[in-house]
Every structure is written in C-alpha cells, then in structure tokens.
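Summary of the model geometry
The lines below spell out each chain.
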Amino acid sequence: MRETKETDFGFERVAPEDKATRVAQVFDRVADRYDLMNDLMSLGLHRAWTAFAVALARVRPGERVLDLGCGDGALTEKIAASGAWVVGADLSRDLVTATRARGLPAVVADGRALCFAGVCDAILTNAALHWIKPPEAVIDGMWRALKPGGRLVGEMGGEGNVAAIAGALIAAMARRGLDGNAAFPWYFPSTTAYRSLLEARGFQVASIELIRRPTELPGDITGWFETFGESFLLAVPAPQRADFIAEAVEALRQAILACDLPQVTKLPGAAASS
Ligand SMILES: C[S@@+](CC[C@H](N)C(=O)[O-])C[C@H]1O[C@@H](n2cnc3c(N)ncnc32)[C@H](O)[C@@H]1O
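Residues numbered from 1 in each chain as written. Predicted model: local features only at pLDDT ≥ 70, side-chain atom pairs only at ≥ 80, totals over all residues.

1. Remarks on the overall build of the chain
Helix and strand counts for the chain stand at twelve helices and eleven strands. Put simply, the chain has 274 residues, and 39% of those count as buried. Once local pairs closer than 6 in sequence are excluded, the contacts in the chain between residues at least 24 apart make up 72%. (Helix = DSSP H or I, 4+ residues; strand = E, 2+ residues; numbered from the N terminus. Buried ≥ 20, exposed ≤ 12 C-beta atoms within 10 Å, placed from the backbone. Contact = placed C-beta atoms within 7 Å.)

Below is the structure:
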C-alpha cells in the first residue's frame with residue numbers, strides 16, 4: 001500500500017519518499033570526496049572497524065553477503081577480499097556508482113523496502129542504520145533477506161550520539177520559533193530499544209553494545225553542519241543561516257569550555273542469527 005502520510009523535513013512538509021530522496025542527496029553531494037571525508041571524520045577508525053566487522057561476521061569464501069548502505073564501497077571491498085560474493089546496496093546513486101567503480105556489484109535500493117528474499121548468508125552494515133527510519137522497516141527487510149541461520153553484523157549511531165551538536169542546533173532553531181526535533185534526521189536508539197526491535201522480528205541477539213567514541217574534528221564544526229546537519233540548515237530561512245550556524249558553533253564552544261557535553265556514543269549494532 002502506498003504511504004500517503006506526510007513527514008517533516010525541517011521547514012517544509014514532505015512525503016516520506018521525498019525525505020528519503022533528501023537523505024540520498026546529502027550523500028550524492030559528498031560522493032566524490034566521501035573516502036577522504038570518512039578519514040577526517042573518524043580519524044581512520046572506520047578502516048579498523050570494517051576489518052573487525054568482516055572478522056566478526058566470520059565471512060567465508062563463497063558466501064552471499066549484503067553490504068547495506070554501502071556508501072563508496074570501502075567495506076564492500078573488504079568483504080569481497082574475503083572471497084565472499086558480495087553486493088552493495090545504497091540509496092545514493094552516486095555512491096553506488098563509486099562502489100561499482102571499485103569493480104564491485106552494487107544496486108540502488110532503499111533500506112526500508114529491501115526486496116532480497118532468503119538469499120544472504122550475512123548482512124554487514126556500517127554507519128547506515130541510523131539514517132533509515134522507521135527502523136522496523138529495515139529490520140524486517142534484513143530479516144527477510146537472510147537465509148535461516150544468517151548473521152547480521154552492524155555499526156550505527158546509538159543513544160546520545162552527537163547529542164551536544166543536535167542540542168545546539170535544536171536550541172538555535174527554537175529561538176527562531178522553529179521545531180528542531182522535526183528536522184532531526186537520525187534514529188539513535190538505546191541498546192535495549194534496538195535489541196527489542198531485533199528480537200521482535202525474530203533475531204537472536206548475540207551481542208549489542210554502546211561504545212563511546214569521541215571524535216576530534218579536523219577543523220571547526222561548520223563543515224559537519226553543512227554536510228550532515230543539512231536538514232537543520234534547510235529548515236532555517238536562507239538569510240538567517242549564517243547567524244544560525246554562528247550561534248550554534250558558539251553554544252557548542254561554551255558547552256565544551258564548561259565541560260558540559262553529554263557523552264558521544266556509537267552503537268556497534270548486533271550480531272544475530274535468524
Ligand atoms: C555514513 S554513510 C556510511 C557508508 C558506508 N557504509 C561506510 O561505512 O562508509 C551512510 C550511508 O547510508 C546510506 N543510506 C541512507 N539512507 C538509506 C536508505 N534508506 N537505504 C539505503 N541506504 C541508505 C547513505 O546513502 C550512505 O551511503
């Protein structure tokens with residue numbers, strides 16, 4: 001059945017499919033510098049994580065593996081190197097093109113409507129699940145994609161992730177009479193909440209953990225706002241945006257000086273079997 005309900009994307013009311021399009025546009029825009037950006041944002045940690053994820057998933061030669069939200073294919077490439085038959089899936093056409101440019105198969109697909117059925121030995125996913133709402137839809141799609149006994153290994157943002165940043169943006173929007181919570185583009189669950197969702201769909205959760213991962217940015221936060229905070233910025237009328245950003249940067253600076261930051265955390269997802 002077609003979803004007709006509208007959803008908020010900051011300033012405008014947009015249909016859910018348009019909201020997904022906006023997320024895809026965020027990543028299309030950074031596709032040509034995605035690898036470099038990832039290095040800068042994670043200080044190279046994502047490389048260690050991808051190797052760890054492949055080991056954790058015990059990917060074996062000949063297995064069929066889906067890399068969901070594959071981005072530019074960095075993890076997909078590691079999975080392929082293990083001898084598995086891997087396909088990347090991502091909402092962003094430009095990032096799918098980047099994955100294919102590595103000589104790897106990849107498809108444009110919305111994680112909320114996966115159409116793989118009982119074909120995957122394993123699903124790996126890195127830094128994508130917190131972009132895909134509602135979480136039940138992607139969990140259901142992953143469940144259906146896995147063979148009985150298949151494994152899911154994922155990393156995503158968890159409860160408290162970028163809380164100080166989002167808090168500064170939401171407060172600056174509130175001062176302008178705007179609803180910042182409606183512009184919040186992510187889903188950052190607690191481990192308890194995510195475990196419940198996985199188990200409700202039938203997964204057996206072997207391990208799920210929230211790991212603190214403070215990340216030092218190479219410059220000031222403005223670049224991060226412009227890339228990942230786009231949904232907040234778009235909600236603010238264009239002539240006010242420079243002031244809005246300056247205000248949020250200053251609020252964060254004050255919070256850091258006062259050592260008043262909530263924990264910044266990452267959730268390394270779940271290893272589970274169907
Ligand atoms: C932060 S990037 C991570 C990319 C890659 N996994 C990595 O580790 O570098 C998040 C990815 O999720 C993708 N994404 C966001 N929403 C999606 C959706 N609904 N369906 C599929 N992919 C989605 C984005 O296009 C983007 O490539």
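The rest of the description comes next.
2. Examining the site of the ligand
G69, G71, G111, N126 and A128 are the nearest of the 23 residues found near the ligand. When residues of the shell around the ligand are traced back to their parent elements, those giving at least two are α1 (16–30) and α4 (74–81). With four residues, the top contributor of residues to the shell around the ligand is α1. Counted by class, the shell around the ligand contains 13 nonpolar, seven polar and three charged residues. (Near = placed C-beta within 6 Å. Nonpolar A, V, L, I, M, F, W, Y, C, P; charged D, E, K, R; others polar.)

3. With respect to the nonpolar core
One finds V65, I79, I123, L124 and M142 to be the most contacted residues of the largest nonpolar core, which totals 49 residues. Setting aside anything within four residues of it in sequence, one finds M142 in contact with L68, L114, I123 and L152. Counting 17 residues, the second-largest nonpolar core is a separate cluster that includes L233, A235, V236 and F244. (Core = buried A, V, L, I, M, F, W, Y, C linked by C-beta atoms within 7 Å.)

4. Brief notes about helix α6 (residues 135–145)
Buried within α6 we find V138, I139, G141, M142 and A145. Taken down its axis, α6 places every buried residue within 160° of arc, on the same side. (Arc of directions from axis to C-beta.)

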